[in-house]
Every structure is written in C-alpha cells, then in structure tokens.
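Chain and residue survey
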Amino acid sequence: MPDLPDVFITRAIPEAALQLLASALPGLKVAVNPRDANLTPAEIASMAAGAQGLICTLADDISRALIESLPRLRVIATYAVGTNNIDLAAARERGIVVANTPDVLTDATAEVAVGLMLACARRFIEGDVLTRQGSFRGWAPLFHLGFGVYGKTVGIVGAGRIGLRVARTMRHGFDCRVLYTARSAHPEFEAQAQATRVDLNSLLEQSDFVSLHCPVTPQTKHLIDGSRLARMKRSAFLINTARGPVVDESALVEALKAGRIAGAGLDVFEQEPALAPGLAGLGNVTLLPHIGSATVETRQRMGLMCAQAIIDVLGGREPANRVVPG
C-alpha cells in the first residue's frame, strides 16, 4: 500500500511554501501532483486519499463528492481569492476549514487590468506583431492610430480591493473620471478614487473603459451579455481580469466582429483554457493566459499563505483568511 500523504498539493507551488510546511511540521508527509497539468476530481481523490490538508487551485473542481471521498480532510487552502470552485456547503457540513489568499494579489491583478487598458487602447500587441513581421515602414501621421487613455471615463464593476486599486490608479495616474457600480455604496471607494456610484447600465453607457472586478455567482454569470454590450460606446473597451463566466464570450465575439465596441482585453475566459470560437482570430482583442497574479513575489506569498493555513489548522490554531469555519 502506498505511503499516503498528510497534505496533498494539486499543482507545483513555490519551493518556499514546501520548506515552510517541512520546517513547521517535521515529519509531515507532503505530496505534490507530479504532472504539469490539472487533475480531475477522481485523480485528486486518489492522490489525496488519507490527507488531512489539501492545497488546491482555482482550476480544481472541489466538489461535494470529492470532499466526501476524503474522510480525514480537515483543511482546504485554495491558492486563490475566489472559492466558487469549492463546494463550501459540503465543507461546512463536514467541519472542514477553507482558507484563501486575499489581499496579496491585489496590486498584481490591478497592474494587469491597467496594462490591458493601455494595450487595447494603444494597440500594443498589434504594433509588436507588425514590427516583428517587418511591416513598419517608418513614422506616418495616420499610421497605427489608437485611442488615448488620459482623461477618459473608467467604469469599475465591483468595489472590492482590486477594483479600488484600479480606480485609484486611473484617477490619480491618468486623471480619469471614475464611475463604479456595486450592490451598496462604498464611501471609502468614492473618497479614495473620487468615484461616483451609478447603476450598471449608466456605467456601460458612459464609460470609455469598463473594467470587471466582481466574483462569479449565479447573479453575475453572463452579467455582460449581448444586451449589455450593446449599451457600451462603439469606442469603448471591455477589460476582464475577474472571472471568465462574468462575460458571455460568444456575445462578446459577435460584438467585436460587428464593431459594436472598439475592443476587449481578457485575462480570464468562460471555458478556460478554451476560447469561444472566433475569439483568437480577432485583431481587436488582447488575450492573456490568466496571469493576473503571476509575479514571482505574489505567487510566493500565495504559497506561503496556503502553507500557513495548513500549518495552523493541523496545529490546532485559528488560521488567517478563513472562509468556512471548521
């Protein structure tokens, strides 16, 4: 019978996190998925059999069936902020602690959102490609024109930490007017970004850049659909660094093809890593491989936070960033 792990990790994580686990809990058996690929729930159930701790990623389907197949499981530490891939009700019923990694990826993800605004408006990717292909023949007054960013109106959908960081950057760094929409008023958001709260339709109609920063829930799935895209300016850009299913990707493809909006910048996708048919062939969309938190510093801190959550729970202590109580 194979030696069962005390902790199973579904994807390779920074070495510092593994060292922390080893130093804090000597003798702890830690197993890491040896493949550079996501695992199915059945594979996780097999590899994590007997585990008390599980470190997973947002790509893992931590379903009720999987949770119930791991009888010794005490803590799930997700290498992410969002927990929509975890059956929280099943974890709660079992008394399993769920912890996440908030705050640490705020700046990194905000950087990508702002970068996508600039890349889309100024057509950075197209310019890079044509230059490499030898199509740059010299400066000309009408060559490769894009849209300016300074002084434009930026609409933030969702008033959380990342949305606020983007709003502050665009207001104070680019002198933009900031609108935001959220279920309730956020006085701190308004004060720090000099932002005005409006309803979603008004935000879409007025914004030059619409930046999505809301979680995916039954209420926000396909929040941006064909009818909402039709409300945006033809010169506007849609930016999504939140979750792919917030956008109806097929409707977005049609809007981009028809020129109903100027362009889009996406770091997440509805059926990730697959793209909606036709999306990859469009020149007015910038596509990134879900790199919102992909900095050396951020990913290491995320790993350390997951490791510490495992250490705390297995050591009988209260973990930080608890999502579901045990």
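Quick look at the structure, then. (Residues numbered from 1 in each chain as written. Predicted model: local features only at pLDDT ≥ 70, side-chain atom pairs only at ≥ 80, totals over all residues. Heavy atoms only, no water.)

**A look at the side chain of Glu 270**
- With respect to the element layout, Glu 270 can be found in the loop between β11 (263–266) and β12 (285–287).
- Nearest to the buried, unbridged Glu 270 among oppositely charged side chains is Lys 221, at 5.6 Å.
- If we ignore the near neighbours within four places in the chain, the residues touching Glu 270 are His 222, Gly 244, Pro 245, Val 247, Asp 248 and Glu 249. (Helix = DSSP H or I, 4+ residues; strand = E, 2+ residues; numbered from the N terminus. Buried < 20%, exposed > 50% of the residue type's maximum accessible area, 1.4 Å probe, protein only. Lys, Arg positive; Asp, Glu negative; His and termini not counted. Salt bridge = Lys/Arg side-chain N within 4 Å of Asp/Glu carboxyl O. Contact = heavy atoms within 4.5 Å.)

**Digging into the packing of helix α1 (residues 15–24) against helix α12 (residues 296–314)**
- Running from N to C, α1 and α12 cross one another at 25°; their axes reach a closest spacing of 8 Å. In terms of orientation, α1 and α12 fall into the roughly parallel class. For the pair α1 and α12, the sense of crossing is right-handed. Residue-level contacts link Ala 16, Ala 17, Leu 20, Leu 21 and Ala 24 of α1 to Gln 300, Gly 303, Leu 304, Ala 307, Gln 308, Ile 310 and Ile 311 of α12. (Axes fitted to C-alpha atoms, helices over the stretch in contact; angles between N-to-C directions. Parallel < 35°, antiparallel > 145°, perpendicular 65-115°, else oblique. Left-handed = near helix turned anticlockwise from the far one by under 90°.)

**Remarks on the packing of aromatic side chains**
- Throughout the structure, instances matching the rule amount to five aromatic pairs.
- On the basis of an interplanar angle of 45° and a centroid distance of 4.9 Å, the ring pair of Tyr 150 and Phe 174 is categorised as tilted. Taken together, the residues Tyr 150 in the loop between α6 (124–132) and β6 (153–157) and Phe 174 in helix α7 (residues 161–174) connect sequence positions 24 residues apart.
- Since its relative accessible area comes to 60%, Tyr 150 is described here as exposed.
- Its relative accessible area of 14% is what places Phe 174 among the buried residues.
- For the pair Phe 209 and Phe 237, a centre-to-centre distance of 5.6 Å together with 15° between the ring planes defines the contact as stacked. Pair noted here: Phe 209 is in strand β9 (residues 209–212) and Phe 237 is in strand β10 (residues 237–240), with a separation of 28 residues, a long-range link.
- Given a relative accessible area of 1%, Phe 209 falls into the buried group. (Phe/Tyr/Trp six-rings, centres within 6.5 Å; stacked < 30°, edge-to-face > 60°.)

**What about a nonpolar patch on the surface?**
- On the surface, Phe 124, Ile 125 and Val 129 cluster together into a nonpolar patch covering about 270 Å² of accessible area.
- Position of Ile 125 among the secondary structure elements: in helix α6. (Patch = residues over 30% accessible without salt bridge, like charges linked within 9 Å, V, L, I, M, F, W, Y side chains within 5 Å. Areas by Shrake-Rupley, 256 points an atom, 1.4 Å probe, with all protein chains shown as cover.)

**Considerations on the pattern of salt bridges**
- Summed over all chains, the structure comprises 14 salt bridges.
- Across the pair Arg 123 and Glu 126 runs a salt bridge whose closest N-O atoms are separated by 3.2 Å.
- Among the residues examined, Glu 126 registers a relative accessible area of 30% and is labelled partly exposed.
- Here Arg 132 ties to Asp 128 by a salt bridge, and the two come within 2.8 Å at their closest N and O atoms. On the criterion of helical spacing, the pair formed by Arg 132 and Asp 128 is a turn pair, its members being four residues apart in helix α6.
- A residue is classified by how much of its surface remains accessible, and Asp 128, at 37% relative accessible area, is partly exposed.
- Here the salt bridges share partners, and the residues they tie into one network are Arg 64, Glu 68, Asp 87 and Glu 93.

**Here's the deal with the sheet that holds strand β7 (residues 177–181)**
- Read across the open sheet, the seven strands follow the order β8-β7-β6-β9-β10-β11-β12; overall the sheet is parallel. Two strands close off the open sheet at either side, each with one partner strand: β8 (195–197) and β12. If you compare each strand with its neighbour and ignore which way they point, the axes differ by 20° on average.
- Here β7 pairs with β8 via three bridges, running parallel. The residue bridging Val 178 from the neighbouring strand is Ala 195, located in β8.
- In the packing of helix α11 (residues 249–258) onto the sheet, contacts are made with β10, β11 and β12, and the angle to β11 comes to roughly 140°. (Pairing = 2+ DSSP bridges.)

**A closer look at the environment of Ser 211**
- Along the chain, Ser 211 turns up in strand β9.
- With relative accessibility at 0%, the residue Ser 211 sits in the buried group.
- Through-space distance from the C-alpha of Ser 211 to that of Val 149 is 14 Å; in sequence the pair is 62 residues apart.
- What Ser 211 contacts, discounting residues up to four positions off in sequence, is Ala 113, Met 117, Gly 155, Ile 156, Val 157, Val 166 and Ile 239.
- Within polar-contact distance, the side chain of Ser 211 engages the side chain of His 213 at 2.6 Å. (Polar contact = N/O pair within 3.5 Å; in protein donor to acceptor, adjacent residues only side chain to side chain.)

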